[in-house]
Amino acid sequence: MTGALLQALLALLAVLGLIVLVAALVRGGLGRRLGPLLPQLAEGRRLRVVERRPVDPRSTLLLVEVDGVEYAVLTTAGGPLLLAQRPQREKAP
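Not measured: the values here are computed from a predicted model.

**A word on the overall build of the protein chain**
Phase 1 of the analysis: Secondary structure summary: the protein chain contains two helices and four strands in total.
Phase 2 of the analysis: Mapped in sequence order, the helices and strands of the protein chain form the string α-α-β-β-β-β.
Phase 3 of the analysis: For the protein chain, buried positions account for 11% of its 93 residues.
Phase 4 of the analysis: Taking the contacts inside the protein chain whose residues are at least 6 apart along the sequence as the reference set, 0% of them involve residues at least 24 apart.
Phase 5 of the analysis: Just so you have it, the protein chain exposes about 8100 Å², and 65% of that area is on carbon and sulfur atoms.

**Some details on unusual backbone geometry**
Phase 1 of the analysis: Phi is positive for Asp67, which is not a glycine, with a value near 50°.
Phase 2 of the analysis: By secondary structure assignment, the location of Asp67 is in the loop between strand 2 (59-66) and strand 3 (69-76).

**Here we look at the pairing of strand 4 (residues 79-87)**
Phase 1 of the analysis: Inspection of the sheet shows strand 3 paired to strand 4 by eight bridges, in the antiparallel sense. Counterpart to Val69 in the pairing with strand 4 is Pro87.
Phase 2 of the analysis: Here strand 3 folds back onto strand 4, and the loop between the two strands holds two residues.

**A word on a nonpolar patch on the surface**
Phase 1 of the analysis: A cluster of nonpolar residues, Leu5, Leu6, Leu9, Leu10, Leu12, Leu13, Val15, Leu16 and Ile19, forms a patch on the protein surface that exposes about 880 Å² of accessible area.
Phase 2 of the analysis: We classify Leu6 as exposed; its relative accessible area is 52%.

**Considerations on the pattern of salt bridges**
Phase 1 of the analysis: Following the criterion strictly, the structure yields four salt bridges and no others.
Phase 2 of the analysis: Arg46 is the salt-bridge partner of Asp67, the closest N and O atoms lying 2.6 Å from each other. One end of the pair, Asp67, is in the loop between strand 2 and strand 3; the other, Arg46, is in the loop between helix 2 (29-34) and strand 1 (47-56), and 21 residues separate them in sequence.
Phase 3 of the analysis: For Glu70, the salt bridge goes to Arg86, with nearest N and O atoms at 2.9 Å. Note that Glu70 is positioned in strand 3 and Arg86 in strand 4, a separation of 16 residues in sequence.

Criteria and thresholds
- Residues numbered from 1 in each chain as written.
- Predicted model: local features only at pLDDT ≥ 70, side-chain atom pairs only at ≥ 80, totals over all residues.
- Heavy atoms only, no water.
- Helix = DSSP H or I, 4+ residues; strand = E, 2+ residues; numbered from the N terminus.
- Buried < 20%, exposed > 50% of the residue type's maximum accessible area, 1.4 Å probe, protein only.
- Contact = heavy atoms within 4.5 Å.
- Areas by Shrake-Rupley, 256 points an atom, 1.4 Å probe, with all protein chains shown as cover.
- Pairing = 2+ DSSP bridges.
- Patch = residues over 30% accessible without salt bridge, like charges linked within 9 Å, V, L, I, M, F, W, Y side chains within 5 Å.
- Salt bridge = Lys/Arg side-chain N within 4 Å of Asp/Glu carboxyl O.

These figures capture arrangement, not role.
Below, the structure written as structure tokens:
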């Protein structure tokens, strides 16, 4: 009986650990830290969020890159609003 109880507790801890890991990945905390270490994952993608800044509790300012063009987008309760658009700057050598 004690062995079965110990096995059940270990299984419960493993499941809770996986839930915490998935939550960290979804929230972006762990993903943002690993992102620079794994640049090959971003290759071939056409859409990238360059930066995200909260403006107030219901609005967020996003800098989004799509096919080499950057867009400044304000997301609000009323929907997204395109603020600006510009070609991507050349990277310094």
